[in-house]
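# Geometric and topological summary
Residue-level listing of the chains:
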Amino acid sequence: MATQAPTAGPPERHLAGSRSRRSRETAIGRFFLAAALVSIAITAFIVLTVAEQAVEFLLAIDPGQLVADGWFPRRGMFDIATLVIGTLVVTVIAMVIAGPIGLLSAIYLAEYASPRVRGVVKPVLEVLAGIPSVVLGFFALTFINPTIIQALVPGAKGFNFAAAAVAVGVLTIPLIASVSEDAMRAVPAPLREASYGLGARRVTTATRVVVPAAISGIVAAMVLGISRAIGETMVVAIAAGASGGSLRSLDPFEPGQTMTAAMASLATGSDQVVGDNAAFQSLFFVGLLLFAMTLLLNVIGDTFVRRVRQSY
Amino acid sequence: MTLAHPRRIAAIILGATFAVAACGGSATPEPSGVPGPGVPDIEIPTGVSGSLSVSGSSTVEPISAAVAEFLAESNPDFSYAVEGPGTGDGFARFCAGETDISDASRAIRAAEAQICADNGIEFAELRIAYDGLSVLTSVDNDAIACLSFADIYALVGPESQGFGSWADAATIASELGSQTTLPDADLTITGPGEESGTFDSFVELVIAPIAEERGQDETTRPDYTSSANDNVIVEGITGSPTSFGWVGLAFAEENADVVKEIAISAEPNGECVEPSAGTVSDGSYPISRPLFIYVNTAKAAENPAVAAYVDFYLAEGTIAAVLERVPYVNLPAEELEATRTAWEAR
Amino acid sequence: MTIPSVTSVAVQRSLARQGRDWPGLVFALLLLGAMLLTLVILVILIVDQLTRGLPVFQERGVDFLTSGLSSDPAKAGVAQGIVGSLVIGLLVAILCFPLGILTAVYLEEYAGDNWITRFISINIRNLAGVPSIVYGLLGLTVFVALFGILGFPNNGRNILAGALTLTALILPIVIITSAEALRSVPLSLREGGYGAGATRWQVVRQLVLPAARPGILTGTILALARALGETAPLLLAGAVLGTFSTSGSVQDVLTGPYTVLPMTVYDWSRRPQDEFRELTSAAIIVLLVLTLFFNALAIFLRNRYQKQW
C-alpha cells in the first residue's frame, strides 16, 4: 500500500524544529502504528480461535468420519467432500453467469459507453452491489426458482442449488464488472489510439488490444469473483434448502449445502453454543477450510493485480 | 455551509439515529389499538416486571411466544426473548444455565438430565399440550392412502439406506407382516433433521420399537433431505408426485391444500386413522406426542418474571386461547390439573 | 508491451474488409445486451418485492414499522429490526471509522517501505476477502465470550458484540478505500506543506485529510451500507432468531437481546405460514430503502465532490 513513487517527507534533522515538536511527532507516528496493528490482531484472533477449535474437532473424531455418504454433522457423518462439491457447483454456475455478463458490461463501460450512459449504468451496478444477500436469497426462492429454473427444468425441486447459484452470480456481477473496468481504463490511451490510428474498428481495439493488455486485472476480477461466490452464505441458506444435512451429489436441481450454508445451519441450530461436542466444532473446521481457500484465492488474485501495476 | 456539506449530513444522520433509537427503543409489541382476534378473553395479570429467556423446540415456540406476547401487552416492564433452535439445542443451553425455560417436543433424555444435574440445574417438567405427527405425501399420490408403522420403518428406517423406490421397501415391510402394496415409484424423502424434537418423536414412536426388535440403530436412514425449515419440507413434498415426509400436525394443517396427510395404523394391516386434532385428542391417532416446557426452578424462585410467566401459562384458559390460533391439541382437564400440581409442588 | 502480431493481422484484415461491419455490430449488441440484462434483473427484483410487499403497507400502514416481532403475522412488525440496524450502524461507525482512517493514514503517510508495512498491507487485503461468516466465528468466540465472562446479561449476546463483529468485518474495506483516497491526493500538495516547514502531522491533518475527505467519506458510507445488510456474522454473534421484547431502556437496548433488519428478513423467510411471505417482502422493502439510502448518499457525495487535479 505504500506508494512506490518517491514520498514527500519532512526535511533534514537540523530543520525539524524543537525537541518537543520532534517527540510529539514521533508519538503521533507510534499512535498510528498502534492503530494499524489492530488489523494484525484481528487476523491473529481469527486464525487462533478458529484453528484451535478446528484442531480439537479433528482430534475428537475418527478420521474415517471425514469420508461418508454425506454431511450429517449431528449423526457424526462429516463428509467434507459433500460441502466442497456443493460450494463448487454453486460457484461454477455463478461464475458462468457473472463472468461473461460482468466482463461484457465492463468492456461496454470502458470502451463503448458515452459519459452519460456511464453516469447511469455505474450507479445501477453499484446499487446492485449494495443489495443485501438475504434479499437476493429470498428473491431466488420466490422468483428465480419458480419462474426460471422450474420453467426450464420441470423436475427441479422447490429448493435447489441452481436458483441459489443464479442469485450468487447476480451478486457477483458488479464486482467483476467494476474491477475489470478499472483494469481496462488503466490501459494507457496511446495503446488504444495507436490501434484506432491504424484504422481498427472498436470491436477489434476492444477485444484484441485493450482486453489482452488488461488481462491481469481481468483475471484478478475473476478470482475475486470466485472468492466472493465461495463466501456467500445467506443466499444459499435461504434458497438451497437442506439445512440438517445433505448427501454427496452433483445434481444442481436438488437441495443441498455449501460450506458456508453448513456453517450457517450449525449456527442457527446453535447446538451447544458454548459446548465442545463434535457437531458444533465441525463449524470451526469448515470455517478454517473456508478461510484457507479464500486466502489462497486472494493471494493469487493479488499477484495478478500487482503484475498489472508493474506493466506500466 | 451548504446542506450537502459532509459534516452536516453526518450530524443529521446521527441526530436521526438517536431520535429513532430513543423513541423506537420502547418497541414492545404494540397492540394495534383495537383488540384483534389474537387477544384472548382471559385475565392477564399486571405488575409483572423482569426479563425471561426461553429457547428450544420450534414446535412449542409459537405457544410460548404467544403467551409471552399476551403478558407483555399488559406489562411494559416485562421483557422476554423466545427462540426456537430445536429441542436438543434448547436443552443444551438450558442445562448450561443460559435460559430460564426450555421448550420441548419430547421428554428430556437421561443423558441431558444428567448434564443438568452435573451443572446443578433443577427443573420442573410441565406438560402443556399434545401434538400429532403427520406423515405426508403429494396430493397427486393416489396409490397411498394408509401406511402402518411397519411400512414406514421399511421406507425410512435404518435398514433402508439407498432405497430409491417405494417398492424397494416391500421386502422389509412383508417381513414385518404388512400387506400394503408399495408401488414402484420414486421415493423422495424430506423431513426434519436430528436437531428437531419432531425428528426425535418420530423415531421414538414409529422407528425405535421395530428397530430395537430387529437389533438395528434407533434412527432413520441418513439419505434424505433434512431441514429444520418446515417450508423446505412442504416444498419437498409438493415437488414430487410420490414424495414422503413428516412434520408436526399443526404445520401440516397449515398447508393442507398442498399436501396429503396419510392415515396411519400402528399395527400392520390394522385400522387406519386420519390425523386430526380430534383423533390426537382422543388417542386414536397413533403418532402423537406431548409438548413440554421445562422450567429452571432456581431461576423461578429468584426471578419474579419467570414465576409469573409460568403461572400465567398454566392459568385457566391461557393455553386454550393460544391453541385457537395454533392447531395443537389441548390437554384433557385432569392432565392440565396434574401439570399445575407439579408446578405448585416445585 | 508490444501488441501481439495476431492483433496486427486482425487490424489489417479489418482495414481490408468491405461492406457493413457485422461482427462489430453483433458484438456491440452483445455488450449492450449484457448490460441491459443487469439493469433488468435489478428492476425485476425491486418490482417483484414491491408487488409482494406493498399490500402489507396498504393494510397496516405505519403500524408495520412501529410494531415489534410477534408470532402472529397480523401483528408482526419491523420496529425492533429498524432500531437494531440503526444502533448497530451508529456503533460500527464510531468504532470503525476512526480506526480505519488512522490505519490508512499510517500506511500512506507514515510507514516506511519495510517488511512490517508490506505485511500489514497484505494482511489487510486478505482480511477483506474473508467470508463474512468467518467473522461470525470471531464474534462468537471472542466478543460474545468476552461479554459473557464480564457478566453481561443474556450470556453476552448483545448488540455491542454484534457491532464489534461487524466492525472487524468492514475495517479492512474502510482501510483500503481510505488509503486509495489518500493516495489520490497529489504529491505536490504535501510537498508544498513540507516546503512551508510543516510537520508530517500538520501536513496530514490540514492538507491531505481535507483533500481526501470526499473519497474517504464515500468509502466509509459504502462500507457502512454493507455492514447494515449483513446477516451471517450476526447469526453467530447472538442476534435473536425468534421473538423478543425489551423494556426499551438504553441499557436494555445495548445489553439485552437484539436483532437487525436483515435478520428479521431471514427469520420470516423461514416461517411456514403464508402470511409471513408477504411480510418478508415488506421487510425487504424497508431494508432496501435503508441500504439504498446509504448507497445513494455515497454516490451523490462522490459525484458532488469529484475534483479534477
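What counts and what doesn't
- Residues numbered from 1 in each chain as written.
- Chains lettered and ligands numbered in written order.
- Predicted model: local features only at pLDDT ≥ 70, side-chain atom pairs only at ≥ 80, totals over all residues.
- Heavy atoms only, no water.
- pLDDT = per-residue confidence, 0-100.
- Helix = DSSP H or I, 4+ residues; strand = E, 2+ residues; numbered from the N terminus.
- Contact = heavy atoms within 4.5 Å.
- Axes fitted to C-alpha atoms, helices over the stretch in contact; angles between N-to-C directions.
- Left-handed = near helix turned anticlockwise from the far one by under 90°.
- Salt bridge = Lys/Arg side-chain N within 4 Å of Asp/Glu carboxyl O.
- Buried < 20%, exposed > 50% of the residue type's maximum accessible area, 1.4 Å probe, protein only.
- Phe/Tyr/Trp six-rings, centres within 6.5 Å; stacked < 30°, edge-to-face > 60°.
- Lys NZ or Arg CZ within 6 Å of the ring centre and 35° of its normal.
- Buried area = accessible area lost by both parts, 1.4 Å probe.
- Polar contact = N/O pair within 3.5 Å; in protein donor to acceptor, adjacent residues only side chain to side chain.
- Nonpolar A, V, L, I, M, F, W, Y, C, P; charged D, E, K, R; others polar.
- Expected span 1.5 Å × (residues − 1).
- Bend = angle between axes of the 7 residues up to and from the residue.
- Disulfide = S-S within 2.5 Å.
- Patch = residues over 30% accessible without salt bridge, like charges linked within 9 Å, V, L, I, M, F, W, Y side chains within 5 Å.
- Areas by Shrake-Rupley, 256 points an atom, 1.4 Å probe, with all protein chains shown as cover.
- Lys, Arg positive; Asp, Glu negative; His and termini not counted.
- Charge placed at Lys NZ, Arg CZ, Asp CG, Glu CD.
- Core = buried A, V, L, I, M, F, W, Y, C linked by side-chain atoms within 4.5 Å.
- Parallel < 35°, antiparallel > 145°, perpendicular 65-115°, else oblique.

Turning to the confidence of the model for chain B, a few remarks are in order. Residues and elements named next belong to chain B. Residues of chain B with pLDDT of at least 70 account for 88%, and the chain-wide mean is 83. Within chain B, the lowest mean pLDDT, 54, falls on helix α1 (residues 6-24), and the highest, 94, falls on strand β3 (residues 101-104). Confidence drops under pLDDT 50 across residues 21-37; counting only partners more than four residues distant or on other chains, this segment forms 28 contacts.

All names here are of chain A. Across the interface, helix α6 (residues 189-197) lies against helix α7 (residues 202-213) with an axial gap of 10 Å and an inter-helix angle of 150°. Viewed along their axes, α6 and α7 form a crossing whose handedness is right-handed. Of the residues in α7, those in contact with L191, R192, S195 and Y196 of α6 are R202, T205, V209, V210 and A213.

On to the pattern of salt bridges. Applying the stated criterion across every chain yields a total of 26 salt bridges over all chains. Across the pair D100(B) and K299(B) runs a salt bridge, and its minimum N-O distance is 3.8 Å. Residue D100(B) is located in the loop between α3 (87-95) and β3, and its partner K299(B) is located in helix α11 (residues 297-302); the two are separated by 199 residues in the primary sequence. For E230(C), the salt bridge identified is with R226(C), shortest N-O distance 3.0 Å. Residue classification places E230(C) among the buried positions, given a relative accessible area of 10%. The exposure class assigned to R226(C) is partly exposed, which follows from its relative accessible area of 34%. Members of the salt-bridge network, linked through shared partners, are R106(B), R109(B), E112(B) and D200(B).

Once that is clear, we can look at the packing of aromatic side chains. The full count for this structure, using the stated rule, is 24 aromatic pairs over all chains. Between F147(C) and F152(C), the ring centres sit 4.8 Å apart and the planes meet at 75°, which makes this aromatic pair edge-to-face. The class of F147(C) is buried, set by a relative accessible area of 9%. A residue is classified by how much of its surface remains accessible, and F152(C), at 26% relative accessible area, is partly exposed. Where W268(C) meets F276(C), the ring centres are 6.0 Å apart and the plane angle is 45°; that geometry is what we call tilted. By the burial criterion, W268(C) is buried, and F276(C) matches it. An aromatic cluster is present here, built from F91(B), F94(B), F123(B), F292(B) and Y294(B) joined pairwise through their rings. Cation over ring: R200(C) sits above Y110(C), and NZ or CZ is 5.6 Å from the ring centre.

Time to look at the interface of chain B and chain A. Taken together, the contact between chain B and chain A spans 25 residues of the former and 22 residues of the latter. For the pairing of chain B and chain A, the buried interface totals around 1800 Å² over both sides, and the portion due to carbon and sulfur atoms is 53%. For the pair chain B and chain A, the number of links is zero residue pairs in polar contact (both at pLDDT 80 or more). For the side of chain B that touches chain A, the residue count by class is seven nonpolar, ten polar and eight charged.

This part is about the interface of chain C and chain A. The interface of chain C with chain A comprises 93 residues on the first partner and 90 residues on the second. Taken over both partners, the interface formed by chain C and chain A buries close to 8500 Å², and the fraction arising from carbon and sulfur atoms is 76%. Seen at the junction of chain C and chain A, the total is one salt bridge. The salt bridge partner of E126(A) is R302(C), with a shortest N-O separation of 3.1 Å. Across the contact surface, chain C and chain A share nine residue pairs in polar contact (both at pLDDT 80 or more). A class-by-class count of the residues in the side of chain C that touches chain A yields 58 nonpolar, 22 polar and 13 charged.

This part covers the environment of G197(B). All names here are of chain B. Mapped onto the secondary structure, G197 falls in helix α7 (residues 197-213). Overall, the relative accessible area of 3% leaves G197 in the buried class. Considering only alpha carbons, one finds G197 and S58, 139 residues apart in sequence, at a separation of 8.4 Å. If sequence neighbours within four positions are ignored, G197 has contacts with T87, S105 and R289.

Here we take up helix α9 (residues 200-228) of chain C. Over its 29 residues, α9(C) runs only 36 Å from end to end, short of the ideal 42 Å by more than 12%, given 1.5 Å per residue. Where α9(C) bends most, at R213(C), the angle is about 55°, and the proline P214(C) comes one to four residues later.

Any covalent bond linking the sulfur atoms of two cysteines counts as a disulfide. All names here are of chain B. Inspection of every chain in the model, using the stated rule, returns two disulfides over all chains. Bridging C146 to C272, the disulfide has an S-S length of 1.8 Å. One disulfide, between C146 and C272, carries an S-S torsion of -85° and so falls in the left-handed class. Pair noted here: C146 is in strand β5 (residues 146-148) and C272 is in the loop between β10 (263-265) and α10 (277-281), with a separation of 126 residues, a long-range link. Taken N- to C-terminal, the disulfide-bonded cysteines of chain B are connected 1-2, 3-4.

Attention now goes to a nonpolar patch on the surface. Taken together, the side chains of W22(C), L25(C), L29(C), L32(C), L36(C), L39(C), V43(C) and V47(C) make up a nonpolar region of the molecular surface, amounting to roughly 710 Å² of accessible area. With respect to the helices, strands and loops of the structure, L32(C) is situated in helix α2 (residues 22-60).

Residues and elements named next belong to chain B. A contiguous patch of negative charge on the surface is contributed by E212, E213, D217 and E218. Among the secondary structure elements, E218 is positioned in the loop between α7 and β7 (225-226). Using a relative accessible area of 45% as the deciding quantity, one classes E218 as partly exposed.

Below, the discussion takes up the nonpolar core. Ranked by internal contacts, the top residues of the largest apolar core, which has 167 residues, are I46(A), I144(A), F64(C), I88(C), Y135(C), L234(C) and W268(C). The element contributing the most residues to this core is helix α4 (residues 79-110) of chain C, with 15 residues. Those residues in contact with Y135(C), other than ones at most four positions away along the chain, are I42(A), I46(A), L127(C), V130(C), T165(C), A168(C), L169(C) and P172(C). Of all hydrophobic cores here, the second largest spans 91 residues; its members include V67(B), A308(B), L323(B) and V329(B).

Quick look at the environment of I46(A) now. Tracing the sequence through the fold places I46(A) in helix α1 (residues 19-60). When its relative accessible area of 1% is taken as the criterion, I46(A) is described as buried. With 26 residues separating them in the primary sequence, I46(A) and S20(A) have C-alpha atoms 40 Å apart. Setting aside residues no more than four positions away along its own chain, I46(A) makes contact with A51(A), F291(A), L127(C), V134(C), Y135(C) and L138(C).

Quick look at the packing of α3(B) against helix α4 (residues 110-118) of chain B now. Residue and element names in this part refer to chain B. Interhelical geometry of α3 versus α4 gives an angle of 20° and a closest axis separation of 9 Å. Looking at the two axes, α3 sits roughly parallel to α4. Relative to α4, α3 is oriented so that their crossing is right-handed. Contact residues: G88, F91, F94 and C95 in α3; E112, I115 and C116 in α4. The residue inventory of the contact of α3 with α4, partitioned by class, reads five nonpolar, one polar and one charged.

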